[in-house]
Amino acid sequence: MSEQTNFQAQSPGSAEIAARFPDLHPAFDKTAAVTEANRCLYCFDAPCTSACPTHIDVPRFIKKIASDNLEGSAKTILDANILGASCSRACPVEVLCEGACVMHRYNKQPIEIARLQRFAMDALHESGAPLPFSPGKDTGKSVALIGGGPASLACAAELRRRGIRAEIFDARPLPGGLNTYGIAEYKLPLAESLREIDLISQLGVEFHFNTTVDAAQLAALEASHDAVFLGMGLGAIHKLGIAGEEMQGVTNALDYIAGYKSGEITTAPQRVAVIGAGNTAIDAANAAVRLGAQEVHMVYRRGPEQMSAFAFEYEHAKQEGVKFLWHVKPTGLKGAGKVEALELAKLETTSDGSLVPQAGGEFSLPVDLIVLAIGQATHTDFLAGLDSQPSKVKLERGRILVDRATGQTSNPKYFAGGDCTNGGREVVDAVADGKRAGIGIAAWLEVK
Amino acid sequence: MPTLETTFAGIKCINPFWLASAPPTNCGEQIMRAFDAGWGGAVWKTIGAPITNVSSRYSSIDWNGQKMMGFNNIELISDRPTEVNLREIAEVKRRYPKNTVIASLMVESKRETWHDIVQRAEDAGADGLELNFGCPHGMSERGMGAAVGQVPEYCEQITGWVKEKARTPVIVKLTPNISDIRIPARAAKRAGADALSAINTINSITGIDLDTLEPRPMVDGKSSHGGYCGPAVKPIALNMVQQVMSDPNAALPMSGIGGIGSWQDAAEFILLGSGTVQVCTAAMHYGYRIVEDMADGLLAWMRRKGYETLDDFRGHSLPNMREWKNLNLNYKVVAHIHESKCIGCDLCYTACWDGAHQCIHLDRTLPAPNHFRTPDMVAAESRSRISTTPIPKLDLDGAGADGPYRTPLSRIPRVDEEECVGCNLCSLVCPVPECITMERIDTGLAPETWEERVAAGIVPQGVGHAGNPNL
Ligand SMILES: Cc1cc2nc3c(=O)[nH]c(=O)nc-3n(C[C@H](O)[C@H](O)[C@H](O)COP(=O)(O)OP(=O)(O)OC[C@H]3O[C@@H](n4cnc5c(N)ncnc54)[C@H](O)[C@@H]3O)c2cc1C
Ligand SMILES: Cc1cc2nc3c(=O)[nH]c(=O)nc-3n(C[C@H](O)[C@H](O)[C@H](O)COP(=O)(O)O)c2cc1C
Ligand code: SF4
Ligand code: SF4
Ligand code: SF4
């Protein structure tokens, strides 16, 4: 059943993009890795492990690097987090494991956990060794997984290790979801995401690409499988809701980032404005700089204190040369066929805390490209039952409600995890959700 | 102003820092550079019978990223002709009359041969002689080195031959590869030795290449036991120096050797009775320049302590070494954790549970003290807790420690002082200086030793084998 996949070979990569987006955090060489590994105190019940959503046993894998047991180190990581390589590059470790490291309270630099994790994972990949796990004995059960992002991949791996058939359906031509198409290339190159999924597929995970599951297909899958896992992430970026948004030169961050990552976009025009101030907006702005834009502005209706991006991402954007326009709001788009300027209004806060336009605060910002990054919508329409049946699972503001320990939804046959349940967090959160759901499904199938 | 000048067995020394007989003292050119760097003396690389060395010769133990914590060699004595060594001794003494040059000697066990080499070394101008009865490999197979040092009668006989001829002080260098170092030391003293030096290197195998299965250092696929030295051997050397110096039948002026690399090491050897100290590995690792801080640091410490000369503190820790049976059994300390220093690594907790007496607990945030929660239960609870990436604004605000310290209270361990046996383990594993201190508890009992308990008939006298010299 485990036919050999080679997704990495299908990576549409471009040499130009690779040159423009080199590693933000370069890999360790062996001596540096061992020196850093030896610095770790080997804490008991380590706070770094608790802070990691997948609870990787950090001191254990680090000590295995120090003892030159790299195989064991990679296995320790993968046992807790099947996307250990992607996470080592993509995780916002400042607010996760490294943020929790006791070294902060010791007037010392925290242990560089992510770089050590990458070192162990790179060693495994370079050795060409197979995934250090094998599929469990066939149970005859099967699960359909909607979406092929981190949540579904982690869930599928747990299922396969327990001998349960895992069939993934994804709308895109390649697996990985935003892990493949969304993470900034200087953190996680598209090809690296695929390389890791090639390993996971050794467990015998089945993939169906270019398949957007709709209500009818969902009903069919529910009938033909013992359980369904929903891991379809979030949907499209919100619109601004002003005239001219369909004009040429207006795009959204998801398309923009997926475009450059797959080599379809390799240059940027002179002047770019990114609307929004979250992590996605920052990724889009940094990408525009690296693609050659001369002037990149981020436009946000509040101030830097309220931005939803992590502090270190804000610092990074400043270093890349991104400029910020705070307390302004887009009011219109100008251009004949193609966008030429963004109309903005300065905002002020009233006594009741609401934002209102400042009198006489209108101005215009000449631009060649506008990238919208004001949050992703949910896309759960297909969960509404066929023929005006009630929704398959209970939702709250578009998010699927789950029991966090097992991932089970209000409908016992349906489990869910990742961005579609948590409203959009990080890859590692999706992996943790998928892992818990995989274990939860197996437990439920056993007693059912 | 304190001084490092001292007199050792009648030899005037500008400071107590000597290079031990080893590669750093191979030739005159090296020794003159060492003297320029500040070394007070040098024991010449052992002069004697012609030899052939192997390659490779050294291996070492690295520990947690630190190189050469322990160092091992299978090298023999000087591979240079005796005439060359002697000519260079003369030259060094002519150019550095104030520095001490000791000739280390090892020849075959014949009276005339020893007489001859003693005469020639002294004629060359050596300030003293060191008899190498310690080399643990190669030379011992030819009846020299450790083969002499391990047999008290040979040690006494050869020392006697040397003393018949010598006009300068004779230092006997002891091998640690023996069960009681006092026995050869007493033999040397009986034969009239003027001083002792200890220790030479310890028999060792430093490791094995796990690809080829060949032990290190490797010579054409094979190895041989070597001599171990460097920081790892200091505790063994200190113990041996103390044993000799506390024994009136063995004690002589002592040149302490073994793992010395800092002024603190030197001070410790002097506190146990050494008059000078010798250094090899540290100089091989970092070069002659290390002596500057050894002198500077020792002087500063002497100033702080109010000592004018080395004699003001030499041997001052000897009275603080007792046999175990003379320690106060009613003295009690318990561990105390200073919460404001604790970083929450919980290493003390796991150490006390697995390696000591299960009296450190992680229960500060529980409703009541809980002595039955095992480390496995603590870890399992953490693993079952769901954590997610915090979103700025949403989750990070107000997330703080669960107590008054910078470390969350739930991670600061608590010592059950009733159960603590005062073993020290937790304070040794704690990475933060002065975070765990051992505090004295007043037991209200007068001091009492095991010996006193035996004398009072409270505990039975042990029964030994008849004639066991160790009892
Ligand atoms: C621009 C951007 C940058 C990011 N950067 C980082 C970062 O640096 N670090 C980090 O940890 N996280 C980052 N994230 C967040 C991270 O990518 C997500 O949290 C994670 O990918 C969520 O995984 P998921 O499996 O829940 O969903 P997704 O990764 O979104 O995967 C869902 C998959 O489901 C498919 N799908 C959706 N609907 C259907 C359907 N009806 N039928 C079939 N298939 C469907 C989609 O095509 C997609 O492949 C970023 C997100 C974005 C948008
Ligand atoms: C490579 C090497 C060669 C040595 N050769 C001799 C020697 O020829 N004669 C001798 O008495 N001791 C010799 N020793 C022992 C040293 O003089 C010294 O006693 C020992 O190394 C302990 O000191 P240290 O811990 O400072 O190195 C040698 C040691 C080493 C490392
Ligand atoms: S908290 Fe820091 S020092 Fe402690 S185990 Fe984790 S990485 Fe190592
Ligand atoms: S001194 Fe020993 S027994 Fe007491 S708390 Fe520390 S480790 Fe435990
Ligand atoms: S070892 Fe020291 S720093 Fe670590 S938890 Fe114990 S007292 Fe705190």
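Now for a description of the structure that goes with this document.

Cut-offs used in this document
Residues numbered from 1 in each chain as written. Chains lettered and ligands numbered in written order. Predicted model: local features only at pLDDT ≥ 70, side-chain atom pairs only at ≥ 80, totals over all residues. Heavy atoms only, no water. Contact = heavy atoms within 4.5 Å. Buried area = accessible area lost by both parts, 1.4 Å probe. Salt bridge = Lys/Arg side-chain N within 4 Å of Asp/Glu carboxyl O. Polar contact = N/O pair within 3.5 Å; in protein donor to acceptor, adjacent residues only side chain to side chain. Helix = DSSP H or I, 4+ residues; strand = E, 2+ residues; numbered from the N terminus. Buried < 20%, exposed > 50% of the residue type's maximum accessible area, 1.4 Å probe, protein only. Near = heavy atom within 4 Å. Areas by Shrake-Rupley, 256 points an atom, 1.4 Å probe, with all protein chains shown as cover. Nonpolar A, V, L, I, M, F, W, Y, C, P; charged D, E, K, R; others polar. Domains from an automatic or database assignment. Phe/Tyr/Trp six-rings, centres within 6.5 Å; stacked < 30°, edge-to-face > 60°. Lys NZ or Arg CZ within 6 Å of the ring centre and 35° of its normal.

### What about the interface of chain A and chain B?
Next, step 1: Counting from both sides, the interface comprises 35 residues of chain A and, opposite them, 33 residues of chain B.
Next, step 2: Three residues stand out in chain A for area buried against chain B, namely Phe 44, Arg 105 and Arg 425 of chain A, and they jointly supply 30% of the buried area on that side.
Next, step 3: Applying the counting rule to chain A against chain B returns two salt bridges.
Next, step 4: Residue Arg 411 of chain B is joined to Asp 45 of chain A by a salt bridge in which the shortest nitrogen-to-oxygen separation is 3.9 Å.
Next, step 5: Linking chain A with chain B are 14 residue pairs in polar contact (both at pLDDT 80 or more).

### Some points on the pattern of salt bridges
All names here are of chain A.
Next, step 1: Going through the model one piece at a time under the given rule, you end up with 51 salt bridges over all chains.
Next, step 2: One salt bridge connects Asp 433 with Arg 436, and the closest N-O pair in it is separated by 2.9 Å. Pair noted here: Asp 433 and Arg 436 are both in helix α17 (residues 427-447), with a separation of three residues, about one helical turn.
Next, step 3: Look at Asp 433 and you get buried, because its relative accessible area is 13%.
Next, step 4: Residue classification places Arg 436 among the buried residues on the basis of a relative accessible area of 14%.

### Quick word on the site of ligand 1
Residue and element names in this part refer to chain A.
Next, step 1: In the region of ligand 1, 36 residues are neighbours, and Ala 90, Asp 170, Leu 178, Asp 419 and Glu 426 sit closest.
Next, step 2: Between Ala 151 and ligand 1, the recorded distance is 2.9 Å, taken from a backbone N or O atom to an oxygen atom.
Next, step 3: At 2.8 Å from an oxygen atom of ligand 1 is found a side-chain nitrogen or oxygen belonging to Asp 419.
Next, step 4: Out of a free accessible area of 1,000 Å², ligand 1 has 94% covered by protein chains.
Next, step 5: Tallied by class, the residues present in the shell around ligand 1 amount to 15 nonpolar, 14 polar and seven charged.
Next, step 6: Looking at the shell around ligand 1, you find at least three residues from each of domain 2 (142-235 + 377-447) and domain 3 (250-372).

### Quick look at the packing of aromatic side chains
Next, step 1: Counted according to the given criterion, the structure contains 20 aromatic pairs over all chains.
Next, step 2: Between Phe 44 of chain A and Tyr 349 of chain B, the ring centres sit 5.1 Å apart and the planes meet at 50°, which makes this aromatic pair tilted. Of the two residues, Phe 44 of chain A sits in the loop between α2 (30-39) and α3 (47-51) while Tyr 349 of chain B sits in helix α11 (residues 347-355), which places them in two different chains. Comparing Phe 44 of chain A with Tyr 349 of chain B shows no difference in burial state: the two are buried.
Next, step 3: Ring geometry for Trp 301 of chain B and Phe 313 of chain B: centres 5.0 Å apart, planes at 85°, overall edge-to-face. Residue Trp 301 of chain B is located in helix α10 (residues 291-305), and its partner Phe 313 of chain B is located in the loop between α10 and β16 (332-337); the two are separated by 12 residues in the primary sequence. Pair check on accessibility: Trp 301 of chain B and Phe 313 of chain B agree, each one buried.
Next, step 4: Following the ring pairs from residue to residue traces out a cluster consisting of Tyr 300, Tyr 314, Phe 324 and Trp 326 of chain A.
Next, step 5: If you follow Lys 318 of chain A out to its NZ or CZ, it ends over the ring of Tyr 314 of chain A, 4.2 Å from the centre.
Next, step 6: Over the ring of Phe 363 of chain A we find Lys 346 of chain A; its NZ or CZ atom is 5.9 Å from the centre of that ring.

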